[in-house]
Amino acid sequence: MSLPQVPDRFAFEQAPIAMLQVDPRADRLLAANAEACRLLGAGFERLASRPFSHCLGPSLPMWVAFSDETLQRSPAWSDDLLLFDVQRAPRRVEVYGQALDEHCLMFGVIELDKAEQRRARAELWRRHRRGHVGWERVEQVFERIERQNQLILGAAGEGIYGLDAEGRTTFVNPAAERILGWSSEDMVGHDAHQMFHHTHADGSHFPVQQCPIHASFSDGQVHRVDNEVFWHKNGEAIPVEYTSTPIFETGRLVGAVVLFRDIRERKRAEQQLRDALAEVESLRQRLELENQYLQEEITAEINHREIVGESPAVAHLVRQIALVAPTDANVLITGESGTGKELIARAIHAGSGRSDRPLIRVNCAAIPRDLFESEFFGHVKGAFTGAVSDRPGRFELADGGTLFLDEVGEIPLELQSKLLRVLQDQQFERVGDDRTREVNVRVIAATNRELGEMIAAGQFREDLYFRLNVFPITSVPLRERIGDVPLLANHFLRRACQKFNKPGMRIPPTQMEALKRYPWPGNIRELENVIERQVIVAQRRDLAFEELLSTAGADALALPSSTAPLGRVGAAEVREPQTEQEMARHLRANAIAALRACGGKVSGPGGAAELLGLPPTTLRSRLKAWRIEPRDYQAEPPGYRTSPRGHRI
């Protein structure tokens with residue numbers, strides 16, 4: 001390409017700084033000398049084949065402003081521009097601009113980092129010349145150091161190299177060659193900082209003005225650094241610690257000697273130690289939590305191997321447990337509250353190959369909605385406010401064992417998909433963590449809710465239901481296995497006598513018959529509570545249940561006495577056996593009577609649940625099924641009257 005605007009093409013080509021000739025309107029590079037091609041990393045033909053703006057990158061707006069300034073007020077100057085080479089590496093540059101005409105601008109470009117290095121070298125050499133230390137004298141100093149310490153340099157396991165005041169390598173020992181991968185011929189006479197110390201460990205640029213090694217032959221101080229990297233010839237970052245010691249000749253600084261150690265093995269050992277300590281801490285937390293669960297089981301005095309009863313329903317249940325326990329199949333236990341669903345889950349776990357690992361119970365109804373994910377999967381420190389340390393979740397604690405999800409119908413819909421993934425893949429992530437963890441967990445779920453109705457209402461995922469319901473087990477209510485009442489009653493009596501230190505108490509046959517006639521809306525839990533209560537209040541050896549059962553709404557189940565005629569107790573008449581429909585109507589009327597007596601209060605002290613001896617969740621589910629609103633039975637303010645159906649109007 002002809003350069004009519006440049007009178008001396010040879011001078012343009014051989015200029016020691018980068019020279020660029022640009023047509024700003026056509027966005028074309030018209031000419032570039034050898035130094036400019038070196039700066040941009042390509043030959044002129046390649047550079048000219050694309051728009052010049054490709055070399056400007058994000059600094060294009062600043063170049064546009066600078067070009068306009070050059071056209072308006074030539075010459076112009078700036079030191080805050082960037083040029084990008086063909087590899088997209090940025091270069092900070094100082095630019096002089098001269099307008100040759102409106103279609104041609106001449107830019108003289110100096111790379112700032114190299115200019116600063118040259119200025120630093122010039123200042124150092126001015127000091128050397130003032131002290132009469134010339135080139136030859138400096139070289140002789142380092143030759144003498146190398147010659148006098150040849151044996152030490154060769155035998156040392158640490159890398160050692162010398163630098164003159166310009167930062168050029170003067171000698172290198174064998175250990176430095178081995179650690180860095182560069183030979184002595186590669187390094188001697190070249191800028192050591194640019195060769196293997198130019199970048200921080202994260203890849204960011206390391207300006208030579210900030211280098212402690214160069215500071216040694218500027219300030220005359222020894223600099224020790226223990227957390228930097230040198231770059232191997234193959235591009236690998238090598239963690240090092242080093243000491244840079246200044247060298248003086250006739251009172252003047254002439255360079256430095258650097259001793260460095262490869263600390264990769266130490267770094268690996270430190271990381272392994274940190275990982276081991278983190279693993280120990282995680283294991284400690286896990287063991288503490290497992291111990292907490294085991295202590296809770298001991299405190300509760302639960303004998304999970306013992307299922308009391310001889311009825312056909314219990315025999316069928318025992319056969320089901322024997323079938324499914326040795327497998328790893330997920331089990332869904334359904335049934336009313338108080339029927340012993342947790343007892344069934346513990347029996348399955350005890351009969352499985354996982355019995356030597358813990359059974360971790362999760363009461364899904366007791367977990368706040370926003371803590372479900374953390375409780376199930378754990379969290380890492382800082383994952384949310386209050387997460388002051390890493391914490392394993394219930395799945396992690398149950399690894400190798402069994403996870404019992406009680407009240408599984410209470411799990412929020414948005415979490416059910418994550419639970420499904422764990423059941424399918426046995427993988428999860430802690431909250432705030434991106435590490436996927438694997439577990440081996442068997443899941444047993446229990447609920448007193450109708451999951452089929454929840455699926456129809458969009459409150460429970462159908463695919464999760466099928467994943468849980470691999471082997472369904474129904475825990476039958478006590479009223480359907482009434483023949484087991486004597487066995488259960490005597491079992492609970494023995495435990496209560498031991499628990500409250502009141503030995504020798506018994507249930508007379510007439511009282512046992514009364515217990516068999518009662519419908520037990522609270523199931524086995526209610527029976528246990530009734531017997532414990534009577535053991536506490538009893539003043540004699542024989543237990544009596546007349547007053548207790550009548551208070552619970554069992555007036556239809558009054559007991560025969562030795563003085564009353566058969567079929568009557570006081571004025572109450574013993575009724576004939578009831579059908580299921582009659583029993584259901586009686587239970588409904590009994591619940592309404594309790595609500596009226598308690599002013600519509602369901603739970604808490606003085607509530608209907610306490611009056612009936614039922615868990616509040618059981619009573620609420622029954623009221624919902626019967627479409628009874630507790631607030632309709634609240635204490636009525638003056639001026640209100642009630643409808644025949646009990647509603648305020």
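Before reading on, note that the structure itself is shown above.
My aim in this report is to walk through the structure given alongside it, one point at a time. (Residues numbered from 1 in each chain as written. Predicted model: local features only at pLDDT ≥ 70, side-chain atom pairs only at ≥ 80, totals over all residues. Heavy atoms only, no water.)

Description of the environment of arginine 479
Okay, step 1: Mapped onto the elements, arginine 479 comes out in the loop between β19 (471-474) and α20 (485-499).
Okay, step 2: Accessibility expressed as a relative area gives 24% for arginine 479, which makes it partly exposed.
Okay, step 3: Along the primary structure arginine 479 and tyrosine 518 are separated by 39 residues, whereas in three dimensions their C-alpha atoms are 8.2 Å apart. (Helix = DSSP H or I, 4+ residues; strand = E, 2+ residues; numbered from the N terminus. Buried < 20%, exposed > 50% of the residue type's maximum accessible area, 1.4 Å probe, protein only.)

Remarks on the packing of helix α13 (residues 312-324) against helix α14 (residues 341-350)
Okay, step 1: Running from amino to carboxyl end, α13 crosses α14 at an angle of 40 degrees, the nearest separation of the two axes being 9 Å. Considering the angle they form, α13 stands oblique to α14. Crossing geometry of α13 relative to α14 is assigned as right-handed. Taking contact as the criterion, the partners of Leu317, Ile321 and Val324 in α13 are, on α14, Ile344, Ala347 and Ile348.
Okay, step 2: Per-class residue counts for the contact of α13 with α14 are six nonpolar, no polar and no charged. (Axes fitted to C-alpha atoms, helices over the stretch in contact; angles between N-to-C directions. Parallel < 35°, antiparallel > 145°, perpendicular 65-115°, else oblique. Left-handed = near helix turned anticlockwise from the far one by under 90°. Contact = heavy atoms within 4.5 Å. Nonpolar A, V, L, I, M, F, W, Y, C, P; charged D, E, K, R; others polar.)

Brief notes about unusual backbone geometry
Okay, step 1: Cis geometry is adopted by the peptide bond preceding proline 75, which originates at serine 74 and carries an omega value of -5 degrees.
Okay, step 2: In this fold, proline 75 is placed in the loop between α4 (60-72) and β3 (76-84).
Okay, step 3: A positive phi angle, close to 55 degrees, is found at aspartate 27, a residue other than glycine.
Okay, step 4: A relative accessible area of 26% places aspartate 27 in the partly exposed class.
Okay, step 5: Backbone geometry places asparagine 523, a non-glycine residue, at a positive phi of 60 degrees.
Okay, step 6: By the secondary structure assignment, asparagine 523 is in helix α22 (residues 523-537).

A closer look at the environment of glycine 167
Okay, step 1: If you trace the backbone, glycine 167 turns up in the loop between β6 (159-164) and β7 (169-172).
Okay, step 2: For the pair formed by glycine 167 and valine 208, sequence separation is 41 residues and the distance between their alpha carbons is 9.4 Å.
Okay, step 3: Discounting residues that sit within four places of it in the chain, glycine 167 has contacts with His190, Asp191, Ala192, His214 and Phe217.

Some words on the sheet that holds β3
Okay, step 1: The strand order across the open sheet formed by five strands is β2-β1-β5-β4-β3, and the pairing between neighbours is antiparallel. Each edge of the open sheet is held by one strand with a lone partner, namely β2 (28-32) and β3. Neighbour to neighbour, the strand axes of the sheet diverge by 35 degrees on average, direction disregarded.
Okay, step 2: Along the sheet, α4 makes contact with β3, β4 (90-101) and β5 (104-111), crossing β3 at roughly 145 degrees. (Pairing = 2+ DSSP bridges.)

Brief notes about the nonpolar core
Okay, step 1: If you look at the biggest cluster of nonpolar residues, it comprises 30 residues, and the most contacted ones within it are Phe376, Phe395 and Leu405.
Okay, step 2: Elements represented by at least two residues in this core include exactly β12 (359-363), α15 (372-377), α16 (394-397), β15 (402-406), α17 (413-425), β18 (442-447), α18 (451-456) and α19 (462-468).
Okay, step 3: For this core, the element with the most residues is α17, which contributes five residues.
Okay, step 4: Apart from the residues within four sequence positions on either side, phenylalanine 376 is in contact with Val362, Cys364, Ile367, Gly393, Arg394, Phe395, Leu405, Ile411, Leu415 and Leu419. (Core = buried A, V, L, I, M, F, W, Y, C linked by side-chain atoms within 4.5 Å.)

Overview of the pattern of salt bridges
Okay, step 1: Enumeration over the complete set of coordinates arrives at 36 salt bridges.
Okay, step 2: Aspartate 262 is paired through a salt bridge with arginine 264; the nearest N and O atoms lie 2.6 Å apart.
Okay, step 3: Among the ionic contacts, a cluster of salt bridges with common partners joins Glu35, Arg38, Asp85, Arg91 and Glu111. (Salt bridge = Lys/Arg side-chain N within 4 Å of Asp/Glu carboxyl O.)

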